[in-house]
Amino acid sequence: NRRGDAKAALVHAKARRRAIEASAISAGGKEAKRLLRSGGSKAPDFVVKLFCMFTEFPDLIYWDSGRVCVPRPEEKRLEPALAKFFRTGKFSSFQRQLNNFGFRRAPALSTPRLRVYIREDLEGYP
């Protein structure tokens, strides 16, 4: 029903705002906050949230020259962080979102201890 959908959207918006404000402590968090509040050509929420995750949880997920890197033993520890930024904390849902934004799993770059996702047009970006 519409009332339930509106309520869920409001709860999600409040959680998103809290996550952004909590991450505003770091310089990266301030940049993410600016991106979310900027008008016009606004970055997609997933991209901004991903950036916030890089700055807030660098030991669980990080960016390396155009690659999203997730240490394999950390996947279970990453789920509470995912729940903080997204509606669900499931790692499989996060993988699906990465795929939707053009990131593909790179088996050649992945190791037993590290899962790597690349997007070719971002290769080499710091």
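It should be noted that the structure appears before, not after, this text.
Residues numbered from 1 in each chain as written. Predicted model: local features only at pLDDT ≥ 70, side-chain atom pairs only at ≥ 80, totals over all residues. Heavy atoms only, no water.

Draft legend 1. Region of interest: the nonpolar core. Leu 50, Ile 61, Val 68, Leu 78, Phe 94 and Leu 98 are the most contacted members of the largest nonpolar core, which totals 21 residues. For this core, the leading source of residues is helix α3 (residues 45–56), giving 6 residues. Not counting the four nearest positions on each side in its chain, Leu 98 is found in contact with Phe 46, Leu 50, Val 68, Phe 103 and Tyr 117. Counting 5 residues, the second-largest nonpolar core is a separate cluster that includes Cys 69, Ala 106, Leu 114 and Val 116. (Core = buried A, V, L, I, M, F, W, Y, C linked by side-chain atoms within 4.5 Å. Buried < 20%, exposed > 50% of the residue type's maximum accessible area, 1.4 Å probe, protein only. Helix = DSSP H or I, 4+ residues; strand = E, 2+ residues; numbered from the N terminus. Contact = heavy atoms within 4.5 Å.)

Draft legend 2. Molecular detail of the packing of aromatic side chains. All told, the structure shown has 8 aromatic pairs when counted by the stated rule. When the ring of Phe 46 is compared with that of Phe 94, the centres are 6.0 Å apart and the planes differ by 45°; the resulting orientation is tilted. Of this pair, Phe 46 sits in helix α3 while Phe 94 is found in helix α5 (residues 91–100), placing the two residues 48 residues apart along the sequence. Owing to a relative accessible area of 6%, Phe 46 belongs among the buried residues under this scheme. The buried category is assigned to Phe 94, whose relative accessible area is 3%. Each ring, one from Phe 91 and one from Phe 94, has its centre 6.1 Å from the other, and the planes form 45°; the classification is tilted. Remark: Phe 94 and Phe 91 occur in helix α5; sequence separation between them is 3 residues, near one turn of the helix. (Phe/Tyr/Trp six-rings, centres within 6.5 Å; stacked < 30°, edge-to-face > 60°.)

Distances and angles like these do not, on their own, reveal function.
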